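# Structure assessment
The lines below spell out each chain.
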Amino acid sequence: FIFISGVAMPFSFETYLASHQRGKLYLKVIKRAVLLVVLGLVYNGMLKTLDFANLRFPSVLGLIGLANLWASMVVMHCRPRYQAVWGAAILIGYCLVMKLVPVPGHGAGVLTLEGNFASWIDRLVVPGKLLSGASDPEGILMTLPASVLAIAGALAGTLIKNRAVGSYRKCLWLATAGLVCLAVGLGWELYFPMIKKLWTSSFVIYAAGWALLLLTVFYLVVDVWGIRRVFFPLLLIGVNPLTIYLVAHRMVNFRTMAEFFFGGLGRLAGESLAPVVLNVAVLVCELVFLFILYRKKIFLRI
């Protein structure tokens, strides 16, 4: 999600930058970040308990909001070449900090949940509670390497937007970049292991590689070859991702709905296949919900 939001940046920023409305663009990206942080707090139960001392302040939505904010600043002020430089600098800097800066009581280079530098910073400055007590996978410092995914997406979006480059050449460049990122991630892992919960640099560049390869496939099939109808279910999710994330996890019990409509089919499928049938049924219920919103033109956008 962070990567694909970065892909959209060159397109969504174009009008503001071309008309020299940088101030409005600043307000837009800051507003989006703040709203995502607030929605993340709501998702974590802020309104349910109003117990701020025991509230988990970091969140998936908050990380997305802050990561996109940092990436937006880079994209707004730097040309693509320097965006890449910034991305590399963030990942290298994060790696060096995590590996070389000592944490009191643990030393330097300790990548356990309790001993890593990013989690130590969170324990010092983040109010409330962290997800695991000593660490949180959406901590403050971790939003920086996460922002590189958005920067990588912005670079890909800039290439796609470039009309001077042919479609198949774009696919070649995107795929090549993806393979290079995978190779760099695998090599970097020897020094800085891939740890999703710490957003290590090797994990981020490796994830960017797969994101680039998937973008290549979808760009080729959907935009170049024009094969779109089969991907309509993905469109339903893509136009309302925030809605389904909040509703499915906090507002509507789609599993109960699926059991009500498809429970009998699951039992007929047998014990081994019942979980598969139920999970597919949950997805079908969610897609029906999204289709209703789509037909009613109801979209949650920030």
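Residues numbered from 1 in each chain as written. Predicted model: local features only at pLDDT ≥ 70, side-chain atom pairs only at ≥ 80, totals over all residues. Heavy atoms only, no water.

### Some thoughts on the overall build of the chain
Which entries qualify depends on this criterion: Each helix is a run of H or I in the DSSP string that is no shorter than four residues. Each strand is a run of E no shorter than two, and both are numbered from the N terminus. In this setup the radius of gyration rests on C-alpha atoms only. A globule is expected at 2.2 Å times the number of residues raised to 0.38. Note that accessible areas follow from Shrake-Rupley with a 1.4 Å probe, and for residues the cover is restricted to the protein chains shown.
A count of helices and strands for the chain gives 13 helices and 0 strands. In the chain, the order of α-helices and β-strands from amino to carboxyl end is α-α-α-α-α-α-α-α-α-α-α-α-α. For 302 residues, the compact-globule estimate of 2.2 N^0.38 gives 19 Å, and the C-alpha radius of gyration of the chain, at 21 Å, lies within 12% of that figure. Its C-alpha atoms put the chain at 55 × 55 × 40 Å along the principal axes. In the form shown here, the chain has an accessible surface area of approximately 16600 Å², with 69% of it arising from carbon and sulfur atoms.

### Let's talk about the pattern of salt bridges
Let me state the cut-off plainly: Whenever Lys or Arg places a side-chain nitrogen within 4 Å of a carboxyl oxygen from Asp or Glu, that contact is recorded as a salt bridge. A simple rule labels every residue: compare its accessible area, found with a 1.4 Å probe on the protein chains alone, to the largest value its type can have, and call it buried under 20%, exposed over 50%, or partly exposed in between.
Inspection of the entire model under this criterion finds 3 salt bridges. Of the charged contacts, one joins Glu14 and Lys161 as a salt bridge, the two residues approaching to 3.2 Å between their closest N and O atoms. With a gap of 147 residues between them, Glu14 in helix α1 (residues 2-18) and Lys161 in helix α7 (residues 143-161) connect regions that are remote in the sequence. Classification of Lys161 by relative accessible area gives partly exposed; the value is 30%. A cluster of three or more residues bridged by salt bridges with shared partners is formed by Arg56, Asp136 and Glu138.

### A few points about the environment of Lys197
Operational definition: Residue contacts are counted whenever heavy atoms from the two residues lie within 4.5 Å of one another.
Tracing the backbone through its elements, the reader meets Lys197 in the loop between α8 (167-188) and α9 (201-224). Separated by 170 residues in the primary sequence, Lys197 and Leu27 place their C-alpha atoms 31 Å from one another. Setting aside residues no more than four positions away along its own chain, Lys197 makes contact with Asp136, Pro137 and Met142.

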